[in-house]
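Single-letter residue listing:
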Amino acid sequence: MDIPINFLMWGLACLPILTLLVLMIKFQWGATDAAPIGLIITVLTGVIFYKADIKLIASESAKGIWNALTILLIVFTAVLMYQVGLEAKAFSVIRNGMRKLLPNELLLVLTMGWIFESFLQGITGFGVPVAVGAPLLIGIGVKPMWAVIIPLIGQSWGNTFGTLGAAWDALAMTTGLTAQSPEYLKTAFFTAAFIWFWNIIEGFVICWFYGKGKAIKKGFPAVICISMIQGGGELLLTQINTTIACFVPACISLIAVLLLSRTKAYNSEWCVKDSQIINRDFSESSSDDSPKNMKLIDAFVPYILLSVITLVVLVIPPVFNFFSQFKLALSFPETVTGYGFVNAAEPKFSPISPFTHASMFLFISSILGLLYYKKRKWLKQGSTKAIFMRAVSMTMPSGLAVIGLIIMSKIMAGTGQTIVLANGIANVLGGVYVILSPFVGMLGSFMTGSNMSSNILFSGFQNATANLLNVDPSVILGAQSSGASVGSAISPSNIILGTTTAQILGSEGKILKKIMVINVPVVIMIGLIAFAIVNL
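Conventions we followed
Residues numbered from 1 in each chain as written. Predicted model: local features only at pLDDT ≥ 70, side-chain atom pairs only at ≥ 80, totals over all residues. Heavy atoms only, no water. Salt bridge = Lys/Arg side-chain N within 4 Å of Asp/Glu carboxyl O. Helix = DSSP H or I, 4+ residues; strand = E, 2+ residues; numbered from the N terminus. Buried < 20%, exposed > 50% of the residue type's maximum accessible area, 1.4 Å probe, protein only. Contact = heavy atoms within 4.5 Å. Patch = residues over 30% accessible without salt bridge, like charges linked within 9 Å, V, L, I, M, F, W, Y side chains within 5 Å. Areas by Shrake-Rupley, 256 points an atom, 1.4 Å probe, with all protein chains shown as cover. Axes fitted to C-alpha atoms, helices over the stretch in contact; angles between N-to-C directions. Parallel < 35°, antiparallel > 145°, perpendicular 65-115°, else oblique. Left-handed = near helix turned anticlockwise from the far one by under 90°. Nonpolar A, V, L, I, M, F, W, Y, C, P; charged D, E, K, R; others polar. Expected span 1.5 Å × (residues − 1). Bend = angle between axes of the 7 residues up to and from the residue. Phe/Tyr/Trp six-rings, centres within 6.5 Å; stacked < 30°, edge-to-face > 60°. Core = buried A, V, L, I, M, F, W, Y, C linked by side-chain atoms within 4.5 Å.

### A few points about the pattern of salt bridges
Here comes step 1: Across all of its chains, the model carries 6 salt bridges by this definition.
Here comes step 2: Arginine 390 is the partner of glutamate 87 in a salt bridge, and the nearest nitrogen-oxygen pair spans 2.7 Å. Pair noted here: glutamate 87 is in helix α3 (residues 54-87) and arginine 390 is in helix α16 (residues 383-415), with a separation of 303 residues, a long-range link.
Here comes step 3: Of the charged contacts in the structure, one is a salt bridge between arginine 99 and glutamate 105, with a shortest N-O distance of 3.0 Å.
Here comes step 4: Bridged by salt links that share partners, the residues Arg99, Glu105 and Arg280 form one connected network.

Laid out in structure tokens, this is it:
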């Protein structure tokens with residue numbers, strides 16, 4: 001690769017990302033409006049300054065559309081599940097039932113916005129916890145914007161070892177770490193340790209959002225207990241089996257919160273009356289339009305089905321092996337820029353296993369839930385068509401933004417802009433680069449919406465940089481993937497999943513601004529801890 005790594009080229013590579021941030025945060029543009037501008041800048045920069053030809057731009061755009069399709073399938077099926085519950089008035093039952101089950105409102109918010117999302121992240125990932133979690137939080141009275149912010153933060157700790165370790169496996173594969181080798185276990189340890197730090201911050205941040213200091217004091221025992229299970233359990237299991245390192249603690253934390261609700265600290269009604277995240281007019285409304293004979297377990301049927309189907313398909317090896325053999329993929333030729341930056345030929349680019357994809361689990365659960373509600377006569381005649389039409393109409397606006405953002409990230413990577421960004425930081429900072437190593441991971445997640453993609457993009461670079469700087473690669477790789485986990489909460493493509501199901505599309509800039517003031521300082525702290533470790 002002969003791309004000149006200088007301030008001009010680095011600045012040009014930064015320009016699309018900076019444009020997105022300025023338009024979304026400063027000018028409050030929605031992602032649907034900001035994404036095309038970022039994409040145009042990326043294409044112009046790639047063609048004029050990074051010497052990419054039309055063939056390369058077309059190839060990377062097609063890759064982006066293919067990747068965006070997998071995200072849009074999740075958006076549509078998650079919205080479909082939401083519409084099924086909405087039509088059956090299941091959210092009224094969930095609101096009333098969960099408030100009786102968990103009378104402490106803070107514990108209720110932590111459960112629906114942090115603990116349940118962690119469980120979903122453990123088995124599905126791919127934005128499902130955000131898309132599913134937002135309407136559930138709205139159902140218990142959380143304001144729509146906060147119903148998106150909370151699950152974005154709450155699920156992000158599980159991004160590396162969640163989805164049954166998919167992102168971690170990508171890191172290990174890219175850097176050549178052999179399973180259960182000393183280097184593998186050491187890297188997993190540092191990754192999980194940094195993530196545990198973020199996990200406990202998540203719990204206290206959600207408490208702060210709910211009721212500031214008063215809520216932190218009340219929620220302190222619960223947050224410590226749950227974080228010991230989630231973060232501590234993950235750290236322990238990474239030394240045994242990385243595939244279940246997130247999933248098992250997430251399951252245990254669901255049981256733990258029910259036990260906590262029986263303790264003296266949380267078994268009675270408690271709330272912060274002036275909580276900024278709760279719509280009191282909604283949650284305390286005297287009107288109750290929920291079906292009188294629908295129980296809480298009935299209302300949760302689609303989500304129970306989602307959990308069971310996902311577990312059966314992904315956790316039982318014979319079942320997974322059978323369904324995962326069916327794959328769909330596209331073929332792409334090799335492309336090269338004028339600087340000699342090569343994108344290798346892809347005979348089977350980003351294969352999709354339709355029967356093991358999260359959207360299939362969501363779709364089947366939605367249909368079975370719809371049939372269940374119909375059989376119990378909780379859905380009116382002709383409601384099926386209305387459910388599907390609303391799901392399509394809600395998905396379409398966000399589709400353009402997702403496609404634009406993913407194409408932008410593919411063109412940046414395919415023209416060499418992404419690697420110039422990372423190399424420029426490393427070349428300028430030298431040994432101090434360790435502090436910013438988690439920012440590289442966060443950058444990857446911000447661009448692609450995926451911890452796994454961030455690890456594929458940057459873990460090889462991070463490993464090579466660690467060796468050049470003569471520092472422990474396991475610490476740098478741990479910072480990379482933990483930074484990517486934190487960064488998943490601010491990815492515009494992930495935010496869109498929540499704003500779509502919460503029906504507040506266009507609010508992405510406001511949400512991004514509120515989350516960044518939390519996530520950026522956390523990434524700085526992870527970098528400082530990593531720097532201290534390598535200099536001990």
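### Concerning unusual backbone geometry
Comment: phi is negative for the bulk of residues other than glycine, and the bulk of peptide bonds are trans.
Here comes step 1: The backbone phi angle of lysine 212 is positive, close to 50°, even though this residue is not glycine.
Here comes step 2: Along the chain, lysine 212 turns up in helix α9 (residues 182-237).
Here comes step 3: At asparagine 470, a residue that is not glycine, the phi angle is positive and equals roughly 60°.
Here comes step 4: Assignment of secondary structure puts asparagine 470 in the loop between α19 (451-469) and α20 (473-487).
Here comes step 5: Looking at asparagine 470, the relative accessible area reads 72%, which means it is exposed.

### A closer look at the side chain of asparagine 423
Here comes step 1: Inspection of the secondary structure puts asparagine 423 in helix α17 (residues 417-429).
Here comes step 2: Ignoring anything within four residues of it in the chain, the contact list for asparagine 423 reads Ile5 and Phe461.

### Regarding a nonpolar patch on the surface
Here comes step 1: A cluster of nonpolar residues, Ile297, Ile304, Val308, Val312, Val315 and Ile316, forms a patch on the protein surface that exposes about 470 Å² of accessible area.
Here comes step 2: The greatest single-element share of the nonpolar patch, amounting to 4 residues, is contributed by helix α13 (residues 301-315).
Here comes step 3: Within the secondary structure layout, isoleucine 297 lies in helix α12 (residues 296-299).

### Examining the packing of helix α4 (residues 90-101) against helix α5 (residues 105-123)
Here comes step 1: Taken N-terminus to C-terminus, the directions of α4 and α5 make an angle of 125°; their axes are 10 Å apart at the nearest point. Viewed along their axes, α4 and α5 adopt a mutual orientation that is oblique. Both α4 and α5 take part in a crossing whose hand is right-handed. The segment α4 lies against α5, with Ile94, Met98 and Arg99 engaging Glu105, Leu108 and Met112.
Here comes step 2: Of the residues that constitute the contact of α4 with α5, the class distribution is 4 nonpolar, no polar and 2 charged.

### With respect to helix α22 (residues 508-534)
Here comes step 1: The terminal C-alpha atoms of α22, which comprises 27 residues, lie 37 Å apart, in line with the 39 Å expected from a rise of 1.5 Å per residue.
Here comes step 2: When the local axis directions of α22 are compared, the greatest deviation, roughly 35°, occurs at methionine 516.

### Focus on the packing of α16 against α17
Here comes step 1: At a minimum axis distance of 4 Å, the contact between α16 and α17 shows a crossing angle of 70°. Taken together, the axes of α16 and α17 are roughly perpendicular relative to one another. In this structure, α16 uses Ile411, Met412, Ala413 and Thr415 to contact α17, whose residues at the interface are Gln417, Thr418 and Leu421.
Here comes step 2: Class assignment for the residues of the contact of α16 with α17 results in 4 nonpolar, 3 polar and no charged.

### Regarding the packing of aromatic side chains
Here comes step 1: Under the counting rule described, the total for this entry stands at 20 aromatic pairs.
Here comes step 2: When the centroid spacing of 6.3 Å and the interplanar angle of 25° are considered together, the rings of phenylalanine 116 and phenylalanine 119 count as stacked. Of the two residues, phenylalanine 116 and phenylalanine 119 both sit in helix α5, 3 residues apart, roughly one turn of that helix.
Here comes step 3: Among the aromatic residues, those joined into a cluster by ring pairs are Phe322, Phe323, Phe326 and Phe355.

### Some points on the nonpolar core
Generally speaking, nonpolar side chains in soluble globular proteins are found buried as a group.
Here comes step 1: Judged by nonpolar contacts, the single largest core of 168 residues is most densely connected at Ile94, Met112, Leu136 and Tyr303.
Here comes step 2: With 21 residues, α9 is the single largest residue contributor to this core.
Here comes step 3: With sequence-adjacent residues up to four places away left out, isoleucine 94 is seen in contact with Arg99, Met112, Leu136, Leu296, Ala299, Phe300 and Tyr303.

### What about the environment of alanine 484?
Here comes step 1: Within the secondary structure, alanine 484 is located in helix α20.
Here comes step 2: Taking the C-alpha atoms as reference points, alanine 484 and valine 523, separated by 39 residues in sequence, lie 9.5 Å from one another.
Here comes step 3: Setting aside anything within four residues of it in sequence, one finds alanine 484 in contact with Gly441, Met442, Ser445, Asn451 and Ser454.

### Considering the environment of valine 432
Here comes step 1: Looking at where valine 432 falls in the secondary structure, it is placed in the loop between α17 and α18 (433-448).
Here comes step 2: Considering only alpha carbons, one finds valine 432 and leucine 528, 96 residues apart in sequence, at a separation of 9.5 Å.

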